[in-house]
Amino acid sequence: MSFSRAEILINKLISNKISEDELAELLAGISDDEGGKTYSDALEIYFNRLLKENRPNGEAGPKES
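Residues numbered from 1 in each chain as written. Predicted model: local features only at pLDDT ≥ 70, side-chain atom pairs only at ≥ 80, totals over all residues. Heavy atoms only, no water.

A. Structural detail: the overall build of the protein chain. What the protein chain contains, in helices and strands, is 3 helices and 0 strands. Sequence-ordered secondary structure for the protein chain, helices as α and strands as β, is α-α-α. Across the 65 residues of the protein chain, 20% fall into the buried class. Within the protein chain, contacts between residues at least 6 apart in sequence are counted, and of these 32% link residues at least 24 apart. As presented, the protein chain carries roughly 5200 Å² of accessible surface, and 54% of it is formed by carbon and sulfur atoms. (Helix = DSSP H or I, 4+ residues; strand = E, 2+ residues; numbered from the N terminus. Buried < 20%, exposed > 50% of the residue type's maximum accessible area, 1.4 Å probe, protein only. Contact = heavy atoms within 4.5 Å. Areas by Shrake-Rupley, 256 points an atom, 1.4 Å probe, with all protein chains shown as cover.)

B. Expanded view of the side chain of Glu-22. As for its placement among the helices and strands, Glu-22 is situated in helix α2 (residues 20–31). When its relative accessible area of 12% is taken as the criterion, Glu-22 is described as buried. Polar side-chain contacts of Glu-22 include one of 2.6 Å to the side chain of Lys-12. Ignoring anything within four residues of it in the chain, the contact list for Glu-22 reads Arg-5, Leu-9, Lys-12 and Lys-17. (Polar contact = N/O pair within 3.5 Å; in protein donor to acceptor, adjacent residues only side chain to side chain.)

C. Up close: the packing of aromatic side chains. Taken as a whole and judged by the stated rule, the model has 1 aromatic pair. Measuring from centroid to centroid gives 5.3 Å for Tyr-46 and Phe-47, while their planes differ by 65 degrees, and the two rings are edge-to-face. (Phe/Tyr/Trp six-rings, centres within 6.5 Å; stacked < 30°, edge-to-face > 60°.)

D. Fine view of the nonpolar core. Listed in full, the 7 residues of the largest apolar core are Ala-6, Leu-9, Ile-10, Ile-18, Leu-26, Tyr-39 and Ala-42. Taken together, the elements giving at least two residues each to this core come down to α1 (5–14) and α3 (33–54). Here this core takes 3 residues from α1, the largest share from any one element. If we skip the residues at most four places from it in the chain, Tyr-39 touches Ala-6, Leu-9, Ile-10, Glu-25, Leu-26, Gly-29 and Ile-30. (Core = buried A, V, L, I, M, F, W, Y, C linked by side-chain atoms within 4.5 Å.)

E. Inspection of α1 at higher detail. If you check which residues of α1 are buried, you get Ala-6, Glu-7, Leu-9 and Ile-10. Along the long axis of α1, the arc covered by the buried residues comes to 165 degrees, so they all point the same way. Buried-residue contacts for α1 involve α2 and α3. Asn-16 lies just past α1 and shows a positive phi near 60 degrees. (Arc of directions from axis to C-beta.)

Below, the structure is given as structure tokens:
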């Protein structure tokens, strides 16, 4: 599975292994209109994975509209 740069940076942030330069890159990406969507998508993937892992039956649950 190949991760996007946004996913890599978010994973490093969550695991507290992000460098100062990487944090600056992540913050710049979030601030950018186009990049913000990419980071939003990567965060949604991460949180959906957490939800799925923490549900007894492994289902992701209903998606809100």
